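Per-entry structural report
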Amino acid sequence: MTGPISQALAEFRAKPQAAGWLRLPFFQDGSAETVAAKVDAVIASGAQVLPPPEAVFTSISLTPLDKVKVVVLGQDPYPTPGDSHGLAFSYRGSRRLPASLRTILAEMAEDLGVPMPKSGDLSKWAKQGVLLINTSLTVEAGRSGAHMKFGWSALVDQAIAAVSAQQPAVVFLLWGAPARKRAALVDRAKHLVIEAGHPSPLNRLNDFRGTRPFSRANAWLVEKGLEPVDWRLDS
C-alpha cells in the first residue's frame, strides 16, 4: 500500500504539464520515490505533514519547465495547517498575511505603484510562468525545517540548472542567503539574477525593501521580447 505522498507523486507524473520536469534526474533515478517514502513514513508515524498531499507538487504543476520566465526560491512551507498550498511564500490562510509575504507584497505595491493586495494567494503568478518553489516541498506542523534534509533540495538544484540550461531568458529572484547560494547554478550570460536579503522581518540588515525586483524583472523581460508578469493579485 502506497502512502499519500507517493500517491501524489504518481498523480503528478501522469500530468501532461509535468513532462519537462520529469526529465530531471530526481524523477529518473528513484530519488523522487525515496523522498516520498520518507515523508510517507513520517505521516504513518502520526505526524501532520504540510501542505496537503495533493498540493505538494503544486509549484511544478502550475508552472511547466518550458513556461518558466521568473524563479522565486523559498525555504519550506508554512508550518501552520491551512496556510501553505505548495507555492513558495503563497498563503491561503484566514489570518493576517505572514510577515515575509507582507514584506514582499508591500515592496511590489510600492515598486509598481499599485494598491497593497488583500490576497496572499500567488497562484496567478505561477500561472504566468513564475516558478515559486521551496527548497523543501514538505514540512511538519509546528516544526519549521523538519524536512530540509529529506532530499528535496536535489530537485530544486536540478530544476534551477535545467531552467538555466533550457530556457532562453529567465529572471532569478534570490532572496536570503540559502537562495543566493544557488546563483552559481545560473548562466548569467543568458539570465538576470536579482539578489537581495530575505524579506523576513528578522533580517536585521533590512536589505530587501527598496530593491524593486518586480519592475526590474518586467523591464528585462520586455527587453528580451517576453510578456511582463502582471504582479497584481486583486485584479
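All of the points below concern the structure found in this document. (Residues numbered from 1 in each chain as written. Predicted model: local features only at pLDDT ≥ 70, side-chain atom pairs only at ≥ 80, totals over all residues. Heavy atoms only, no water.)

**Quick word on the overall build of the protein**
- Looking only at helices and strands, one finds nine helices and six strands in the protein.
- Its C-alpha atoms give the protein a radius of gyration of 17 Å, within 12% of the compact-globule value 18 Å for 235 residues.
- Seen through its C-alpha atoms, the protein measures out along the principal axes to roughly 50 × 40 × 30 Å.
- Going through the 235 residues of the protein one by one, you find that 53% of them count as buried.
- Pairs at least 24 residues apart make up 66% of the contacts formed inside the protein by residues separated by at least 6 positions.
- For the protein, the distance from the average site of its 26 positive side-chain charges to the average site of its 21 negative ones is 3 Å. (Helix = DSSP H or I, 4+ residues; strand = E, 2+ residues; numbered from the N terminus. Rg over C-alpha atoms; globule rule 2.2 N^0.38 Å. Buried < 20%, exposed > 50% of the residue type's maximum accessible area, 1.4 Å probe, protein only. Contact = heavy atoms within 4.5 Å. Lys, Arg positive; Asp, Glu negative; His and termini not counted. Charge placed at Lys NZ, Arg CZ, Asp CG, Glu CD.)

**Notes on unusual backbone geometry**
- Leu-50 connects to Pro-51 through a cis peptide bond whose omega is -5°.
- The topology assignment puts Pro-51 in the loop between β1 (49–50) and α4 (58–62).
- Phi is positive for Phe-89, close to 70°, though the residue is something other than glycine.
- Inspection of the secondary structure assignment puts Phe-89 in the loop between β2 (70–74) and α5 (99–112).
- Backbone geometry places Arg-212, a non-glycine residue, at a positive phi of 50°.
- With respect to the helices and strands, the residue Arg-212 is situated in the loop between β6 (192–196) and α9 (213–223).
- Overall, the relative accessible area of 44% leaves Arg-212 in the partly exposed class.

**A closer look at the environment of Ala-32**
- Tracing the sequence through the fold places Ala-32 in helix α3 (residues 31–44).
- Taking the C-alpha atoms as reference points, Ala-32 and Ala-154, separated by 122 residues in sequence, lie 9.5 Å from one another.

**Looking at the nonpolar core**
- One finds Trp-21, Phe-27, Phe-57, Ile-60, Trp-152 and Phe-172 to be the most contacted residues of the largest nonpolar core, which totals 41 residues.
- The element best represented in this core is helix α7 (residues 152–166), accounting for seven residues.
- Apart from residues lying up to four places away in sequence, Phe-172 is in contact with Val-71, Ile-160, Val-163, Ser-164, Val-186, His-191, Leu-192, Val-193 and Ile-194.
- Listed in part, the 33 residues of the second largest apolar core include Val-70, Tyr-78, Tyr-91 and Phe-214. (Core = buried A, V, L, I, M, F, W, Y, C linked by side-chain atoms within 4.5 Å.)

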